[in-house]
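Chain residues, written in single-letter form:
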Amino acid sequence: MNIVVVGLSHKTAPVEVREKLSIPEPQMEGATAQLASYPNIEEVAIVSTCNRLEIYIVTEETELGIREVTQFLSEHSKLPKSSLRQHLFVLLHQDAVMHLMRVAAGLDSLVLGEGQILAQVKNTHKLGQQYNGIKTILNRLFKQAITAGKRVRTETSIGTGAVSISSAAVELAQMKVQNLAACRVAIVGAGKMSRLLVQHLLSKGALAIYVLNRSVARAQELAQQFPGQPIQIHPISSMLPVIAESDLVFTSTSAMEPILDRAKLEMVLEQSRRLMLFDISVPRNVHSDVNELANVQAFNVDDLKAVVAQNYESRRKMAQEALGLLEEEVETFEEWLRSLETVSTISCLRHKIETIREQELEKALSRLGSEFAEKHQEVIEALTRGIVNKILHDPMVQLRAQQDVEARRHCMQTLQTLFNLDVEQQYS
């Protein structure tokens, strides 16, 4: 079995391509089922965030598995494979394993060391299990990656003060306007990203923040996390009038189509009024045509790279330290994966020896007589089990410990021949 990841990220594709491939959570079950239905995909897990879409598969036929994932991506995005391929990366086996470890640790993020990605990897693991895409191998891989992500955050300093996409957006806004305290700020959306926006805006001195959301109750819950702060709540129906009175607008919703475009803004904006829009959603909430308006500037997640570059150099040495931990986690996973090859042989051997033990025990107890057998059966049962376990212990330990693939396979073949085992090659 081979582990493969096919995907694209902020490093390989612009936001206008990434948004076409985004798979929101409500579509995750259908996407998982479709991928799992392909003949060469044994297991599948989908990581979909604003900066990446990555599909992890387990397959016996690597090339065919990659073709099936590429076909799915083309159908999902409605992009021809010829134009899609230039943005895709493909990593095989140990490279795929290390990549997921790096992702979970925040080392492959636009913002080096950002913490939100670990929660997203955990959610991928949960949904993959829920929708029956993740089985034995990917289950262990994602658990190992989550462990790796936690280790990096607890054993290195890379997460200390790490910026997020939200804080990078606020930094970019501050670079553009200098004085946030003098600005009226609207935030469209009330999820985790919006909560972080509020947190960072307040820390930079913002004095007038308006939060708009379809669910007013959810927006109120967000505001309640910042008691005594200058936050006003509005329904989404008030979006355009509120934006018309704002200087800065941040958008972070799960809408699949733009909620703001040139036509809508033209209706409410005075010609002389300046407006800056910071869209941190993928798919984008703000249509690119708003930049055609004379006094409007729109920025998306790809425009955050200038802010991120300032943060990168200080974290580069920490990232090197984190890589050492990730290599340990990769080796732990690889050791487990190597041991899978021995499972069927060990199980078959144990089953055969256990069958012999039970048969011989039954003969012995019948010869001892029912009265003696009933009185001492438990002791004799424990004795025979103990003898079998001790005899099997060293062969099993040595078989699992074999690092060299050929040596391990030779040992398994020897066991199968010596004990006349009929082993069906399978992993469990």
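Keep in mind the model is a prediction, meaning the values are calculated, not measured.

Rules used in this analysis
Residues numbered from 1 in each chain as written. Predicted model: local features only at pLDDT ≥ 70, side-chain atom pairs only at ≥ 80, totals over all residues. Heavy atoms only, no water. Helix = DSSP H or I, 4+ residues; strand = E, 2+ residues; numbered from the N terminus. Buried < 20%, exposed > 50% of the residue type's maximum accessible area, 1.4 Å probe, protein only. Contact = heavy atoms within 4.5 Å. UniProt positions renumbered as here; feature names shortened; annotations may be inferred. Pairing = 2+ DSSP bridges. Axes fitted to C-alpha atoms, helices over the stretch in contact; angles between N-to-C directions.

### Looking at unusual backbone geometry
- Here the residue pair V282 and P283 is connected by a cis peptide bond, since its omega of 0 degrees sits within 30 degrees of zero.
- Along the chain, P283 turns up in the loop between β9 (275-279) and β10 (296-299).
- Of note in the backbone geometry, H93 takes a positive phi value of approximately 45 degrees without being a glycine.
- H93 sits in the partly exposed class, given a relative accessible area of 25%.
- Of note, N132 is a non-glycine position whose phi angle comes to about 60 degrees, a positive value.
- Counting through the fold element by element, N132 comes out in the loop between α6 (116-130) and α7 (136-155).

### Things to note about the environment of Q129
- Locating Q129 in the fold gives a position in helix α6.
- Looking at Q129, the relative accessible area reads 38%, which means it is partly exposed.
- With near-sequence residues (within four places) excluded, Q129 lies in contact with I134 and N139.

### Let's talk about the UniProt feature "domain: Quinate/shikimate 5-dehydrogenase/glutamyl-tRNA reductase" (unreviewed entry) in the protein chain
- The positions UniProt marks with the feature "domain: Quinate/shikimate 5-dehydrogenase/glutamyl-tRNA reductase" (unreviewed entry) are residues 171-307.
- As annotated, residues 171-307 comprises 32% helix and 21% strand, and the C-alpha atoms at either end are separated by 7 Å.

### Looking at the sheet that holds strand β2 (residues 43-49)
- Spatial ordering of the open sheet is given by β2-β3-β1-β4, a layout of 4 strands whose pairing is antiparallel. The strands lining the two open edges of the sheet, one partner per strand, are β2 and β4 (89-92). In this sheet, adjacent strand axes meet at a mean angle of 15 degrees when their direction is disregarded.
- Here 8 bridges tie strand β1 (residues 2-9) to strand β3 (residues 52-59), and the two strands are oriented antiparallel to one another. Bridged to V4 within β3 is I57.
- In the packing of α6 onto the sheet, contacts are made with β2 and β3, and the angle to β2 comes to roughly 145 degrees.

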